Amino acid sequence: MTSYLERLNPEQREAVETVDGPLLVLAGAGTGKTRVLTTRFAHILLSGRASPGQVLAVTFTNRASREMRERVAVILGRPVEGLWLGTFHALCARMLRRHAEYVGLTSSFTILDTDDQLRLLKQVMELHRIDIKRWPAPGLMGAIQRWKDRGLTPDRITPSEDTDFAGGKARQIYGDYQERLRQLNAADFGDLMLHIVEILRTRPDVLAQYHRAFRYILVDEYQDTNTIQYLWLRLLAQREGFPSNICCVGDDDQSIYSWRGAEVENILRFEKDFPGATIVRLESNYRSTAPILGAASGLIAHNEGRMGKTLRPGREDSQGDKVLIASVWDSDEEARLVGERIEQLHREGNTLSEMAILVRAGFQTRAFEERMITLGLPYRVIGGMRFYERAEIRDAIAYMRAMNQPSDDLAFERIINLPRRGVGDVALSALHSRARADRVPMTEAVLRLLADGTLKGRVRDQLGQLMATLERGRIGLAEAAQGEQIAPVHIRVVETLLEESGYIDMWKRDKSPDAPGRLDNLKELVRALVDFETLGGFLEHVSLVMENDENAGADRVNLMTLHGAKGLEFDNVFLPGWEEGLFPSQRTMDESGNKGLEEERRLAYVGITRARKRALISHAANRRIYANWQSSIPSRFIDEIPEEHAERMGSTSLAREQLRNAPTVFSGQFPLMAKRPRAIESWEQPGRAPRSDTLAPGTRVFHQKFGYGIVKSADDNKLDVEFEKAGFKRVLDNYVQQVSEGEIGADIGTGS
DNA sequence: GTCGTTGCGTTTTTT
DNA sequence: ACGCAACGAC
């Protein structure tokens with residue numbers, strides 16, 4: 001009966017069994033956080049303390065909600081109904097629909113997406129005659145969102161909290177924007193929380209209703225809560241004369257979302273907010289090897305103001321490889337190194353899906369994608385293309401696939417009853433057995449069942465129409481392929497397909513608030529077809545870019561940002577681009593100073609702790625940023641990793657040498673302060689006046705990226721140079737240095 | 001409305 | 001260098 005408790009270690013068990021009163025579970029990376037949360041949920045239900053509807057369980061993402069729901073069902077051995085389990089926004093929307101009239105909305109209010117929000121705000125700004133160029137709407141949108149994150153309605157904004165945005169009119173515009181939303185019976189994402197908190201604050205009867213309803217509250221990722229989410233939780237959890245049965249799980253060391261309003265202080269303040277709180281630390285890490293934990297712990301120890309937590313290896317077999325730190329010449333070499341290492345690990349029997357390249361910023365993925373393509377290594381970029389994950393897009397693509405390839409059963413099954421064509425379980429299983437018996441695709445099975453009269457009435461008519469529509473489309477495509485017709489034929493065919501099949505109409509008839517957005521998405525999808533000569537080509541592209549049903553399980557290297565990797569784990573993790581200015585990001589440090597730096601360090605900690613077995617950190621001495629090459633010095637985080645857990649590789653000493661010769665700027669805009677390599681005057685400072693000495697043809701020069709070469713011709717400040725290794729290039733004379741014959745110089749560029 | 005040109009910005013992302 | 005957004009022209 002309580003066997004689920006026996007699979008826990010003592011700390012985990014304490015976290016599950018401390019059911020009454022406030023509890024904070026500080027769960028380090030890889031210490032079984034989700035297991036504790038789900039087991040606790042199940043334990044509350046199984047011990048008879050509450051019914052499913054009396055537990056409020058909150059997560060940040062839909063993915064986390066889904067996972068919790070599934071895992072609770074596994075422990076209970078059955079799916080559970082009537083749960084208040086969901087994201088902050090989903091739960092608030094659910095509550096708000098019940099009490100919408102208190103904030104001047106009706107229960108059928110529309111939830112606006114980012115585009116609508118911005119469009120609306122722009123309208124309001126124009127009414128205020130704001131120069132939209134001088135004060136871009138997204139900036140004000142951000143300010144409004146941050147106010148909402150902090151629970152500030154327009155009337156609560158004091159002049160000191162007002163920004164000077166739009167010449168001091170920001171607060172006023174915010175008020176008008178809220179008024180417009182109300183007129184439209186609409187709420188933006190921030191409003192979902194803001195309104196319900198307002199209601200709970202001002203309507204004791206409503207609050208009391210929820211106090212009675214929820215006996216237990218569970219919160220995931222507490223370190224990521226913003227002020228309004230915290231206020232909401234506190235209102236629901238604090239009840240006069242009753243203990244707060246709130247359990248928050250989180251890790252202050254993994255707080256990486258302050259830039260979108262998250263307040264680490266919420267978790268640091270937990271004991272003050274909920275007096276008598278129990279704190280349980282989960283420190284046994286079952287994920288990673290000892291060196292990886294040592295590296296991560298040593299790094300995060302450089303942060304101040306932590307709650308304090310040490311990851312202990314919890315595995316029997318915790319010894320393993322040291323963390324590799326590679327120094328390379330430039331970003332190309334970095335991509336090459338990572339590619340080679342992936343190939344090597346793959347040869348040794350490691351699966352590609354157990355490898356991940358984690359980058360600081362999205363644009364860094366490109367270099368690795370190109371490398372993967374040349375090496376023929378399958379990869380997937382995660383987080384880049386969420387567009388293709390939307391239901392309506394997947395549906396439409398299923399239509400295209402079913403048309404393009406009649407044997408595509410997965411696609412056909414997805415759309416056979418969408419819109420509803422009266423194909424129920426009976427008809428579907430009849431189709432399945434016929435297809436299996438005759439060893440033909442589903443589409444063919446449909447035709448046969450239509451022909452022999454098994455399908456009757458409405459189903460027959462509807463499916464007959466669907467088959468005819470698909471067939472007409474195929475004919476259209478075939479004609480497009482044969483005739484020398486202009487490219488957009490396949491677009492027309494797809495449009496017709498989606499129209500005639502009734503799929504578009506399905507969404508037009510749909511009265512739900514997001515239906516118009518979905519129609520927009522469908523238009524967008526059709527528009528994307530113009531970039532392809534044929535429908536087949538488009539579908540090929542989509543299948544590569546989309547995490548669809550078939551290749552979700554395929555063996556591919558994962559490529560994503562560090563933020564996107566939170567909560568995931570891999571055997572082998574690659575962490576490229578650890579350079580001052582890039583990681584830690586210069587911009588974060590400029591904007592948020594030491595707080596920003598600490599958040600970057602937490603991001604580094606998150607990165608390292610994703611690895612189960614091996615981690616490779618790398619930095620390049622030269623990186624192409626936008627148009628030109630920039631030199632950069634290794635990230636300070638590299639120096640913060642304890643030597644005993646690290647193994648240096650690549651051209652470390654060469655990079656150190658290069659460091660001494662490097663310019664002091666990373667982006668050409670911000671001076672680097674950490675280390676002060678002295679710049680050699682002349683060539684490495686871009687943007688200065690053209691050099692006065694002329695480089696005559698025949699002069700031997702050195703270029704930071706291309707190496708040594710001979711000037712072939714000079715045109716003003718542009719030189720045509722034949723480089724020894726890089727070949728013929730046109731470069732600006734600012735970027736080359738004259739080399740006298742016989743001077744060897746440090747030819748550090750070619751270290752392989 | 002739709003197309004083409006110009007100009008600016010360029011980290012991280014969920015709901 | 002590149003992409004996207006905003007504006008002006010048809």
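- The name given to chain A in an unreviewed UniProt entry is DNA 3'-5' helicase, with Lichenicola cladoniae as the source organism.
- What the UniProt record of chain A gives under Sequence similarities (unreviewed entry) is the line "Belongs to the helicase family. UvrD subfamily."
- On record in UniProt, under Function (unreviewed entry), the comment for chain A is "Has both ATPase and helicase activities. Unwinds DNA duplexes with 3' to 5' polarity with respect to the bound strand and initiates unwinding most effectively when a single-stranded region is present. Involved in the post-incision events of nucleotide excision repair and methyl-directed mismatch repair."

### Concerning the protein's contact with DNA strand B
Here is step 1: Neighbouring residues of DNA strand B: 20 residues in total, closest N62, R360, G362, T561 and R587.
Here is step 2: By atom count, sugar and phosphate contribute 56% of the portion of DNA strand B lying within 4 Å of the protein.
Here is step 3: Within the side chain of W259, one N or O atom sits 3.3 Å away from a base oxygen of DNA strand B.
Here is step 4: The contact in question runs from a base oxygen of DNA strand B to an N or O atom on the side chain of E591, over 3.3 Å.
Here is step 5: A per-element tally of the surface near DNA strand B places helix α27 (residues 586–608) first, with three residues.
Here is step 6: Classifying every residue of the surface near DNA strand B gives six nonpolar, nine polar and five charged.

### Quick notes on the sheet that holds strand β1 (residues 23–27)
Here is step 1: Pairing is parallel across the open sheet formed by six strands, whose spatial order is β3-β2-β6-β7-β1-β8. Edge strands, defined here as strands with exactly one partner in the open sheet, are β3 (84–87) and β8 (278–282). Neighbour-to-neighbour, the strand axes of this sheet turn through a mean angle of 15 degrees, independent of strand direction.
Here is step 2: Pairing analysis gives three bridges linking strand β6 (residues 216–219) to strand β7 (residues 246–250), with the strands arranged parallel. Counterpart to I217 in the pairing with β7 is I246.
Here is step 3: Along the sheet face, helix α3 (residues 33–46) touches β1, β2 (55–59), β3, β6, β7 and β8 and points at about 165 degrees away from the line of β6.
Here is step 4: Against the sheet, helix α5 (residues 88–99) engages β2, β3 and β6, with an angle of about 120 degrees to β3.

### Some remarks on the packing of helix α9 (residues 189–202) against helix α10 (residues 204–213)
Here is step 1: One way to put it is that α9 packs onto α10 with a least axis distance of 5 Å and a crossing angle of 100 degrees. The pairing of α9 with α10 is recorded here as roughly perpendicular in orientation. On the side of α9, the interface is formed by I199, L200 and T202, while α10 contributes P204, V206, L207 and Y210.
Here is step 2: Residues of the contact of α9 with α10, tallied by class, amount to six nonpolar, one polar and no charged.

### Some remarks on the nonpolar core
Here is step 1: Ranked by size, the top nonpolar core spans 66 residues in total, and within it L56, W232, L233 and I246 carry the most contacts.
Here is step 2: When residues of this core are sorted by domain, at least three fall in each of domain 1 (3–94 + 194–282) and domain 2 (110–184).
Here is step 3: Those residues in contact with L56 that sit more than four places away from it in its chain are W84, L91, F214, Y216, I217, L218, W232 and L236.
Here is step 4: Grouped together as the second largest cluster of nonpolar side chains are 48 residues, A435, L450, L497 and W507 included.

### Some points on the pairing of strand β11 (residues 323–330)
Here is step 1: Counting buried positions along β11 gives eight out of eight residues, so the element sits mostly inside the fold.
Here is step 2: Relative to strand β18 (residues 646–650), β11 runs parallel, the two being bridged by five bridges. Residue pairing in the sheet places S327 in a bridge with G650 of β18.
Here is step 3: When β11 meets strand β16 (residues 611–625), the two strands line up parallel, connected through six bridges. When the sheet's bridge partners are listed, A326 is paired in β16 with S618.

### What to know about the UniProt feature "binding site: ATP" (unreviewed entry) in chain A
Here is step 1: If you check UniProt for "binding site: ATP" (unreviewed entry), the listed places come out as A27, G28, A29, G30, T31, G32, K33 and T34 in our numbering.
Here is step 2: You can see G32 is positioned in the loop between β1 and α3.
Here is step 3: Taking the relative accessible area as the measure of exposure, G32 reaches 23% and is therefore partly exposed.
Here is step 4: By the element assignment, K33 lies in helix α3.
Here is step 5: Leave out the neighbours within four places in its chain, and K33 touches A27, D220, E221 and V249.

### Things to note about the packing of α9 against helix α11 (residues 227–237)
When two helices pack together, their arrangement is captured by the angle between the axes and the distance separating the axes.
Here is step 1: Running from amino to carboxyl end, α9 crosses α11 at an angle of 35 degrees, the nearest separation of the two axes being 10 Å. Our pair here, α9 against α11, has a crossing hand that is left-handed. Between α9 and α11, the contacting residues are M193, L194, I196, V197, L200 and R201 on the first element and I228, Q229, L231, W232, L235 and L236 on the second.
Here is step 2: Tallied by class, residues from the contact of α9 with α11 come to 10 nonpolar, one polar and one charged.

### Remarks on the layout of surface pockets
Here is step 1: There is about 1,400 Å³ of room inside the second largest pocket.
Here is step 2: Taken together, 50 residues line the second largest pocket, and the ones lying closest to its centre are W259, R587, T588, E591 and S592.
Here is step 3: Mapped onto the lining of the second largest pocket, the elements with two or more residues apiece are α7 (137–149), α12 (265–268), α27 and β17 (628–631).
Here is step 4: Looking at the lining of the second largest pocket element by element, the count peaks at 12 residues for α27.
Here is step 5: When its residues are assigned to classes, the lining of the second largest pocket shows 15 nonpolar, 17 polar and 18 charged.

### Comments concerning the domain arrangement of chain A
Here is step 1: Looking at chain A, the domain boundaries give domain 1 (3–94 + 194–282), domain 2 (110–184), domain 3 (293–378 + 550–650), domain 4 (389–542) and domain 5 (700–749).
Here is step 2: Distance between the C-alpha centres of domain 1 and domain 4: 43 Å.

### Re unusual backbone geometry
Here is step 1: Following L418, the chain continues into P419 via a peptide bond in cis, with omega recorded as 0 degrees.
Here is step 2: For P419, the location among the structural elements is in the loop between α18 (409–415) and α19 (425–438).
Here is step 3: In this chain, F583 is followed by P584 through a cis amide linkage whose omega measures 10 degrees.
Here is step 4: Mapped onto the secondary structure, P584 falls in the loop between β15 (570–575) and α27.
Here is step 5: In this structure, N185 is a non-glycine residue whose phi angle is positive, near 55 degrees.
Here is step 6: Here N185 is to be found in the loop between α8 (170–183) and β5 (186–187).

### Some points on the environment of L450
Here is step 1: Of note, L450 is situated in helix α20 (residues 442–451).
Here is step 2: Accessibility expressed as a relative area gives 19% for L450, which makes it buried.
Here is step 3: For the pair L450 and D252, spaced 198 residues apart in the sequence, the C-alpha separation amounts to 62 Å.
Here is step 4: Setting aside anything within four residues of it in sequence, one finds L450 in contact with L455, R460, L463, G464 and M467.

### A look at the packing of aromatic side chains
Here is step 1: Across all of its chains, the model carries 13 aromatic pairs by this definition.
Here is step 2: Their ring planes at 20 degrees and their centres at 5.5 Å tell us that W147 and Y174 sit as a pair that is stacked. Placement of the pair is W147 in helix α7 and Y174 in helix α8, with a sequence separation of 27 residues.
Here is step 3: Residue classification places W147 among the buried residues on the basis of a relative accessible area of 3%.
Here is step 4: With centroids separated by 5.9 Å and ring planes inclined at 85 degrees, the aromatic side chains of Y222 and F270 adopt a geometry described as edge-to-face. In this pair, Y222 is assigned in the loop between β6 and α11 and F270 in helix α13 (residues 270–273), connecting sequence segments 48 residues apart. In this pair, the class of Y222 matches that of F270, namely buried.
Here is step 5: By the ring-pair criterion, three or more aromatic residues cluster together here, those being F60, F88 and W232.

Conventions adopted
- Residues numbered from 1 in each chain as written.
- Chains lettered and ligands numbered in written order.
- Predicted model: local features only at pLDDT ≥ 70, side-chain atom pairs only at ≥ 80, totals over all residues.
- Heavy atoms only, no water.
- UniProt positions renumbered as here; feature names shortened; annotations may be inferred.
- Near = heavy atom within 4 Å.
- Polar contact = N/O pair within 3.5 Å; in protein donor to acceptor, adjacent residues only side chain to side chain.
- Helix = DSSP H or I, 4+ residues; strand = E, 2+ residues; numbered from the N terminus.
- Nonpolar A, V, L, I, M, F, W, Y, C, P; charged D, E, K, R; others polar.
- Pairing = 2+ DSSP bridges.
- Axes fitted to C-alpha atoms, helices over the stretch in contact; angles between N-to-C directions.
- Contact = heavy atoms within 4.5 Å.
- Parallel < 35°, antiparallel > 145°, perpendicular 65-115°, else oblique.
- Core = buried A, V, L, I, M, F, W, Y, C linked by side-chain atoms within 4.5 Å.
- Buried < 20%, exposed > 50% of the residue type's maximum accessible area, 1.4 Å probe, protein only.
- Domains from an automatic or database assignment.
- Left-handed = near helix turned anticlockwise from the far one by under 90°.
- 1 Å grid on protein atoms, 1.4 Å probe; cavity = no way out; pocket = protein on both sides within 12 Å on 5 of 7 lines; lining within 4 Å.
- Points joined across faces, edges and corners; volume = space filled by probe spheres on them.
- Phe/Tyr/Trp six-rings, centres within 6.5 Å; stacked < 30°, edge-to-face > 60°.

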